[in-house]
Amino acid sequence: MPSIDFSVDTRDIKFVIFEQLQIEKSLLQLEKFADFDRDTLDVIIEGLVNFAVNELAPTNRDGDEKGAVYENGTVKVPDSFKLAYNTMREQGWLGLHHNPEWGGQGFPELFGNLMSELNTGANTSFSLLPLLNHGASHLIEAFGTEDQKQTYCTKMYTGEWGGTMCLTEPQAGSDVGSATTTATPNGDHYLIQGTKIFITNGEHNLTDNIIHAVLARVPGEPKGTRGISLFIVPKFHVNEDGSIGERNDVRCERIEHKMGIKASPTCVMSFGDNGQCKGYLLGTLNQGMKQMFQMMNEARLGVGIQGLANAAAAYMSALGYAQQRKQGSDPARGKDPNAPRAELIRHPDVRRMLMTMKAYVEGIRAMLYSTAVYVDLAKHHADPEKRAYYHALVELLTPVCKSYGSDMGFKVTELAVQTFGGYGFTQEYPVEQYLRDVKIASIYEGTNGIQALDLLMRKVAQGGGSRLELFGSFVADKLAEWKGHALSGLANDIQTYMQDLTNVTKDLLGAAQGGDVNHSMLNACNYLDMFGNVTSAFYLLEGAVIAHDKLQELYAANGVSTTEEQQAFLRKNSEAAFYHGKVRTAEFFNSNILVKNLSLSATVRNHDLSAMDILFLDEADIETASA
C-alpha cells in the first residue's frame, strides 16, 4: 500500500524503462553505453529510490517551514539540506549522467531524468541545485576551452561547486534581447556589470563556489539577441592550481519570498557594483543566445520532469490516503443505515479522481522517458540519419514535455488535494506543498504560453511542417502495427485525433500566413494541450499493448479463462493486477481525457477574437498613456 508520505511507484518506472522502451535493445546497444547492463541499471534505480525516500524526503517539510534565509549578502539553507547534499555527493549521484572525462559516470540521459524525478518528488527545493548545476556545467563542457573544462567541469560534476544560469533582468523579463548587462573587455577577461533577477541558487552555503553563466552584451555589439554573449562568472576567483581565490565582485542583493520552493533561494544578483566583476567569455562572441538555448532546452525537459515528479508524489500520497481513510457508507449498500463505513477508494468520484491522476502521471512519464531516450539516440546513434531523425523528435517534443508536464502536473496535485478533502488543505499532509512547489514549473524556463507559441510557430511551422510530419509518420507506423490487436479500437481513436490535430495545425498556420496572427496566438495553448493529449494517449497505448499481451500470458500460464477466474487472479497476483491496470488506464485516458480534444478543436475552429476586441477596465487610458 502506498504511503501517505513520499513513496515511489518503482514498478511503473521499471516497466517504462525495460518493457516499454526496452533500453537493453536500444540505448545499451550504442557504443556509448555498451558497458552497462540490466543488473547495473537495477542497482542504480534502487539506489536512487533509496536516497530519495530515506535521505531526501524527510527534509522536505523542514525546508518548507524554515526556508532559505538571507542575511547581509549571504544565504543559508536548512541544515538538513547540508546533510542530504553531502550524502548525495558521497554516493556519487550528482555526476550520474555526466561525461566521465570530467568526473561524471556516463549513464544515459534517461537516468539523469530519473534521478531528477525522484529527487524532485522527494524535495523540489533541493532538487533545483543539481538541475541548474547540470545545465551550467554542461554549457562549459559544450562550448568551453580545455582549460575551462578542466577548471570548472571537474568540480561541478562532482558537486563540489554549484552553477546557475543568469538571463532575466528587471526591465526585460522573458525578453532576453533587451538585456542591459554589459561585458567590457579588460585584458584576458571582461568586466561584467548589471543586475539579474529570479536566479535560482544564485547564493547559498551548500558548495564552496558558485559558477554563474551570465548573458551580457559587449559595448558596440548589435542590439537584441544577436549581440548577446555568454560569460563564466565565478563567485570566487580560481587560482592557477585550481584552489579558490579571492571573492569576485558578485553579490546577492536579496531573495524572493515565494508561494512554494521556499528553501530554494531565488536571488536578485548584482554583478560589478565596484566595477571589478571578472567574467570569462564562453565560446564565441555574440553566440550567447544560441549557446544558452542548449541549456534552456535541457532545463525545459527538466521542468517537465518537475511536473511529473510532484504529480507522481501527490498521486501516490492521495492513493495511500484513499485506501486508509474511511468516510461515508459503502456505496454498494445504498441508504442502508447499518452499512459499514467505507474507505474513500470505494467511492466512485474518488476513483475517478485517482484514475485521472494515474492516467496523467503514467502518460507523462512515458512521454518524458521516451524523449530522454531520443536525446541520447540523437547524440550517439552510429547512423547520422538516425541522429537527425531523433533530434527532430526532441525538438518537437521539448515544449510539449515542458508545458504539458507542468500544467497537468499541477492539475494532478490539485486533484490530490481534493481527494484528501479538508485535510488536503492543511499542512498536516504533504499534498498542499506539492501543489505550491510545482506551480512555478509552468512559469520559469519560458512560460507555457511562450512554449505553446514555440511549438506552433517554430517547431511545427519551420521546415514546412517536417517535424510534425515525421512525428505523425512515427505514430502512424506504430498504430498500424496494432491493427488486429485486442486494443486496436484505442489505436483507431488515436489515429482519428491525430488527423484532427493535423487539421487544426493547418487552420492555425493558415490563419497566421493569411495575416490573422491573433487567431493563432490566442489558440496556441489550446493547440499544445491537444498535442499533449494525443501524445500521452499514444505512449499510454504503447505500454498498454505490451501489458495486455503479458497479462494474457499470465492468464494462460495459470489456467485462467473465465471472467470470474480472472477477477480472482487479479486480486492475488500483483503482476497481473499491474498489467491489467496499464490497460485500463489507457482506456480511461482515451474515454475521459483524449475526448476533450473535441472541445479544444471546436474552440480553435470558432475563430473567436473577443479576447482581442474587448477593452478591459482602464485599458483605453493605458493605450492613451503609451501613445
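This text gives an overview of the structure that appears in the document. (Residues numbered from 1 in each chain as written. Predicted model: local features only at pLDDT ≥ 70, side-chain atom pairs only at ≥ 80, totals over all residues. Heavy atoms only, no water.)

## Regarding the side chain of His485
The condition that has to hold: Every helix listed is a DSSP run of H or I at least four residues long, and every strand listed is a run of E at least two residues long, numbered separately from the N terminus. Accessible area is worked out with a 1.4 Å probe on protein chains only. A residue is then buried under 20% of its type maximum, exposed over 50%, and partly exposed in between. Under the rule applied, a polar contact is a pair of N or O atoms within 3.5 Å (in protein, one hydrogen donor and one hydrogen acceptor; residues adjacent in sequence only if both atoms are side-chain atoms). Whether two residues touch is decided by their heavy atoms; if any such pair falls within 4.5 Å, the residues are in contact.
Structurally, His485 can be placed in the loop between α13 (466–481) and α14 (488–513). The class of His485 is buried, set by a relative accessible area of 17%. Among the polar contacts listed, one links the side chain of His485 to the side chain of Asp549, at a separation of 2.8 Å. In contact with His485, not counting residues within four places along its chain, are Val545, His548 and Asp549.

## A few points about the packing of helix α1 (residues 10–20) against helix α9 (residues 348–380)
The following threshold applies: Helix axes use the C-alpha atoms of the stretch in contact, all axes being lines fitted to C-alpha atoms, and the angles between their N-to-C directions lie in the range 0 to 180 degrees. Here the angle decides the label: under 35 degrees means roughly parallel, over 145 means roughly antiparallel, 65 to 115 means roughly perpendicular, and every other value means oblique. It is the rotation of the near helix from the far one that decides the hand of a crossing: anticlockwise by less than a right angle makes it left-handed, clockwise makes it right-handed. Asp, Glu, Lys and Arg are counted as charged, while Ala, Val, Leu, Ile, Met, Phe, Trp, Tyr, Cys and Pro are counted as nonpolar; the rest, among them Gly, fall into the polar class.
For the pair α1 and α9, interaxial distance at closest approach is 10 Å and the crossing angle is 45°. On the basis of the axis angle, α1 is oblique to α9. Every pair of crossing elements has a handedness; the one defined by α1 and α9 is right-handed. Two secondary-structure elements touch here, α1 through Asp12, Ile13, Val16, Ile17 and Gln20 and α9 through Glu362, Arg365, Ala366 and Tyr369. Tallied by class, the residues present in the contact of α1 with α9 amount to five nonpolar, one polar and three charged.

## A look at the packing of helix α6 (residues 124–143) against helix α7 (residues 146–156)
Following both chains from N to C, one finds α6 and α7 inclined at 155°, their axes separated by 9 Å at the closest point. The angle between the axes of α6 and α7 places the two elements in the roughly antiparallel class. Our pair here, α6 against α7, has a crossing hand that is left-handed. Where α6 abuts α7, its residues Asn133, Ala136, Ser137, Ile140 and Glu141 lie against Gln148, Lys149, Tyr152, Cys153 and Met156. Taken together, the residues of the contact of α6 with α7 break down into five nonpolar, three polar and two charged.

## Section: the pattern of salt bridges
We count it as follows: Any carboxyl oxygen of Asp or Glu that lies within 4 Å of a side-chain nitrogen of Lys or Arg is treated as forming a salt bridge with it.
The final tally for this structure, using the stated rule, is 33 salt bridges. Lys235 is the salt-bridge partner of Glu203, the closest N and O atoms lying 3.0 Å from each other. Of the two residues, Glu203 is situated in the loop between β5 (189–200) and β6 (209–217) and Lys235 in the loop between β7 (228–234) and β8 (236–238); the sequence distance between them amounts to 32 residues. In this structure, Asp454 and Arg458 form a salt bridge, with 3.5 Å as the shortest nitrogen-oxygen distance. Taken together, the residues span about one helical turn, with Asp454 and Arg458 both in helix α12 (residues 448–460) at a distance of four residues. Three or more residues are tied together by salt bridges with common partners; here these are Asp12, Glu117, Lys358, Glu362, Arg365 and Lys582.

## Notes on helix α4 (residues 79–90)
The criterion, for reference: By this rule the span expected of a helix is its residue count minus one, scaled by 1.5 Å.
Taking 1.5 Å of rise per residue, the 12 residues of α4 would be expected to cover 16 Å, and the 17 Å separating its terminal C-alpha atoms lies within 8% of that figure. Those residues of α4 that are buried are in contact with α2 (38–56), α3 (60–66), α5 (109–122) and α6. Following α4 by one or two positions, Gly92 adopts a phi angle in the positive range, close to 80°.

## Some points on the packing of aromatic side chains
Basically, it comes down to this: Aromatic contacts are taken between Phe, Tyr and Trp rings whose centres are within 6.5 Å, Trp giving its six-membered ring; a plane angle under 30 degrees counts as stacked, one over 60 as edge-to-face, and the others as tilted. Should the NZ of a Lys or the CZ of an Arg lie within 6 Å of a ring centre and within 35 degrees of the ring normal, that charge is described as sitting over the ring.
In the structure shown here, the tally under the stated rule is 26 aromatic pairs. Relative to Phe531, the ring of Phe471 lies with its centre 5.7 Å away and its plane at 25°, an arrangement referred to as stacked. Within this pair, whereas Phe471 is found in helix α13, its partner Phe531 is found in helix α16 (residues 524–557), the two being separated by 60 residues in sequence. By the burial criterion, Phe471 is buried, and Phe531 matches it. Pairing Phe578 with Tyr579 gives two aromatic rings, centres 5.7 Å apart and planes at 65°, and the pair type is edge-to-face. Each member of the pair, Phe578 together with Tyr579, is buried. The rings of Tyr374, Tyr389, Tyr390, Phe471, Phe474, Trp482, Tyr527, Phe531, Phe538 and Tyr539 are connected pair by pair, giving a single aromatic cluster. Sitting above the plane of the Phe578 ring, Arg11 keeps its charged end 4.4 Å from the centroid. Lying over the aromatic face of Tyr389, Lys386 brings its terminal NZ or CZ to 5.7 Å of the ring centre.

## With respect to the nonpolar core
What counts here: Side-chain atoms within 4.5 Å are what join buried Ala, Val, Leu, Ile, Met, Phe, Trp, Tyr and Cys residues into a set we call a nonpolar core.
Judged by nonpolar contacts, the single largest core of 148 residues is most densely connected at Ile17, Ile23, Phe111, Phe471, Tyr527, Phe531 and Leu541. Examining the composition of this core, we find that 19 residues originate from one element, α9, more than from any other. Those residues in contact with Ile23 that sit more than four places away from it in its chain are Ile17, Phe18, Leu28, Leu41, Leu110, Phe111 and Val373. Ala136, Ala213, Ile232 and Ile261 belong to the second-largest nonpolar core, a separate cluster that totals 31 residues.

## Observations regarding unusual backbone geometry
One non-glycine residue, Gln22, lies in positive phi territory at about 45°. Locating Gln22 in the fold gives a position in the loop between α1 and α2. For His607, which is not a glycine, the phi torsion comes out positive at approximately 55°. Position of His607 among the secondary structure elements: in the loop between α19 (596–605) and α20 (610–613).

## Overview of the side chain of Thr419
By the element assignment, Thr419 lies in helix α10 (residues 384–420). If we ignore the near neighbours within four places in the chain, the residues touching Thr419 are Ala318, Tyr321, Ala322, Leu344, Val350, Met353, Leu354 and Met357.

## What about the pairing of β5?
Short version of the rule: In this scheme, strands are said to pair when DSSP sees at least two bridges between them.
Bridge count between strand β4 (residues 182–186) and β5: five bridges; the pairing is antiparallel. Residue pairing across strands places Pro185 opposite Tyr190, the latter belonging to β5. The hairpin formed by β4 and β5 contains two residues between the paired strands, and Gly187 there has a positive phi angle of roughly 70°. As defined by bridge partners, β5 adjoins strand β12 (residues 278–281) across two bridges and the pair is classed as antiparallel. Looking at the pairing, Leu191 lines up with Lys278 of β12. Examined bridge by bridge, β5 and strand β11 (residues 266–271) share five bridges and lie antiparallel to one another. Its bridge partner lying in β11, Ile199 is registered against Cys267.

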